[in-house]
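Spelled out, the chains give:
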Amino acid sequence: MIKGDDPQIAAVVAIVTQVAPDVLLLTEFDYDLDGLALAAFADQFGDLYPYRFALQPNTGRATGLDMDRNGRLGEARDAQGYGRFVGDGGMALLSRFPVDGGAVTDLSDVLWRDLPGAVLPQVDGQPFLPDDVLSVQRLSTTGHWIVPIIPPGQPPFALLAFAATPPVFDGPEDRNGLRNRDELHLWEVVLDGGFGAAPDPFVIVGNANLDPLDGAGDSAAMAAFLGRPQLQDPLPGRDTADWPQDGPGNLRVSYVLPSATWQITDAAVVRPLPDVAAGPHHLVWVDIRR
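Given the structure is predicted, the values throughout are model-derived calculations rather than measurements.

A. Geometry of the overall build of the protein. Counting secondary structure elements, the protein contains five helices and 14 strands. Against the 2.2 N^0.38 benchmark of 19 Å for 290 residues, the protein shows a C-alpha radius of gyration of 19 Å, consistent with a compact globule. Going through the 290 residues of the protein one by one, you find that 48% of them count as buried. For the protein, restricting intrachain contacts to residue pairs at least 6 apart in sequence, the fraction spanning at least 24 positions comes to 71%.

Structure, rendered in structure tokens:
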């Protein structure tokens, strides 16, 4: 990043500069304890993003257990969330507005088995994950954050940020598919008051890795979530990622979902030119006002 010779970083910087959102959630962004990578990235935009926030993600967080039950220890899939090292592919937040870091609610340590209504993987009617794994297995692949954002001269609002596991790369137990669905279900529990008073106003933002109409995973669950009366879907039917057609293809996996108390004035998915090396995921933006 600092050397300035990475074409993917340059492409992402160009897109962000073009859109210049007030609040930006980055997914698949490596975490380091001192925030050096995030600071270097934010510096690409001058003074646009004076406020930066990140927490250590579950990705790459070692467990010492055989989490995927393949008989081997210490692999990327044996971490709390898939990761080759601590902080691999985390989340980060850049903002023009103050971020109340001291009032953040971090739900990233909620155990999967403790989520109300959780559906845990089974094989032939028996639990796939033994008790020693269930006693430490967190639900969040990356994290689930409720972050207060304070626009100038206005009351704060809550940013509900997450990045879920892809609902693939597993076996008949559907471990990743079920976890992906329950990572979305956690927000349902939050909005229903299962973790204290439901935030309002709010904006749910992140990579659900789940399309309401197509692809792998519980599409019906995503469709039902988008239909909840507490929130609005400003971009129905718009794909947000392009993979090769012999792979996943074009899917809607990233979302910006304001609560019903906002007025949506505009929204779009920024699709770079085919030769731009920004990666398969596209920037999603929504303009809102009270």
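B. Local environment of unusual backbone geometry. The peptide bond linking Asp-200 to Pro-201 adopts the cis configuration, its omega dihedral lying at 0°. Its place among the elements puts Pro-201 in the loop between helix H4 (175-191) and strand S9 (202-207). Look at Glu-28: it is not a glycine, yet its phi comes out positive at around 55°. Along the chain, Glu-28 turns up in strand S1 (residues 23-29). Although it is not a glycine, Phe-169 adopts a positive phi angle of roughly 65°. Considering the arrangement of structural elements, one finds Phe-169 in the loop between strand S8 (157-163) and H4.

C. Highlighting the sheet that holds strand S3 (residues 90-95). Pairing in this open sheet of three strands is antiparallel, and the strands run S1-S3-S2 from one edge to the other. The open sheet has two edge strands with one neighbour each: S1 and strand S2 (51-53). On average, adjacent strands in this sheet sit at an angle of 20° to one another, irrespective of strand direction. One ladder, built from six bridges, connects S1 with S3; its direction is antiparallel. From the neighbouring strand, Phe-29 faces S3, where its bridge partner is Gly-90.

D. Region of interest: the packing of aromatic side chains. Under the counting rule described, the total for this entry stands at six aromatic pairs. Look at Phe-157 and Trp-262: their rings are 5.4 Å apart centre to centre, the planes differ by 90°, and that puts the pair in the edge-to-face class. Placement of Phe-157 in strand S8 and of Trp-262 in the loop between strand S12 (254-258) and strand S13 (263-270) is noted, with a sequence separation of 105 residues between them. Accessibility classification places Phe-157 together with Trp-262 in one group, the buried group. An aromatic cluster of at least three residues, connected via ring pairs, comprises Phe-29, Phe-41, Phe-45 and Tyr-49.

E. Highlighting the packing of H4 against helix H5 (residues 219-226). The N-to-C vectors of H4 and H5 enclose an angle of 20°; their axes lie 10 Å apart at closest approach. Taken together, H4 and H5 sit at an angle that is classed as roughly parallel. Here H4 runs over H5; the crossing is left-handed. Counting all contacts with H4, which are made through Arg-181, Leu-184, Trp-187 and Glu-188, the residues of H5 involved are Ala-221, Met-222 and Phe-225. Counted by class, the contact of H4 with H5 contains five nonpolar, no polar and two charged residues.

F. The arrangement of the environment of Gln-263 in detail. Locating Gln-263 in the fold gives a position in strand S13. On the accessibility criterion, Gln-263 (38% relative accessible area) is partly exposed. Note: C-alpha distance between Gln-263 and Ile-288 (25 residues apart in sequence) is 5.5 Å. Aside from chain neighbours lying at most four places away, what touches Gln-263 is Asp-287, Ile-288 and Arg-289.

G. Structural view of the environment of Gly-90. With respect to the helices and strands, Gly-90 occurs in strand S3. Since its relative accessible area comes to 0%, Gly-90 is described here as buried. Distance from Gly-90 to Gln-56, taken between C-alpha atoms, is 7.3 Å for residues 34 residues apart in sequence. Contact partners of Gly-90, with chain neighbours within four places excluded, come to Leu-26, Thr-27, Glu-28, Phe-29, Asp-30, Pro-57, Thr-59 and Thr-142.

H. Inspection of the side chain of Ser-259 at higher detail. Mapped onto the elements, Ser-259 comes out in the loop between S12 and S13. Look at Ser-259 and you get buried, because its relative accessible area is 0%. Those residues in contact with Ser-259, other than ones at most four positions away along the chain, are Asp-200, Pro-201, Phe-202, Gln-230, Leu-231 and Gln-232.

Calculation notes
Residues numbered from 1 in each chain as written. Predicted model: local features only at pLDDT ≥ 70, side-chain atom pairs only at ≥ 80, totals over all residues. Heavy atoms only, no water. Helix = DSSP H or I, 4+ residues; strand = E, 2+ residues; numbered from the N terminus. Rg over C-alpha atoms; globule rule 2.2 N^0.38 Å. Buried < 20%, exposed > 50% of the residue type's maximum accessible area, 1.4 Å probe, protein only. Contact = heavy atoms within 4.5 Å. Pairing = 2+ DSSP bridges. Axes fitted to C-alpha atoms, helices over the stretch in contact; angles between N-to-C directions. Phe/Tyr/Trp six-rings, centres within 6.5 Å; stacked < 30°, edge-to-face > 60°. Parallel < 35°, antiparallel > 145°, perpendicular 65-115°, else oblique. Left-handed = near helix turned anticlockwise from the far one by under 90°. Nonpolar A, V, L, I, M, F, W, Y, C, P; charged D, E, K, R; others polar.

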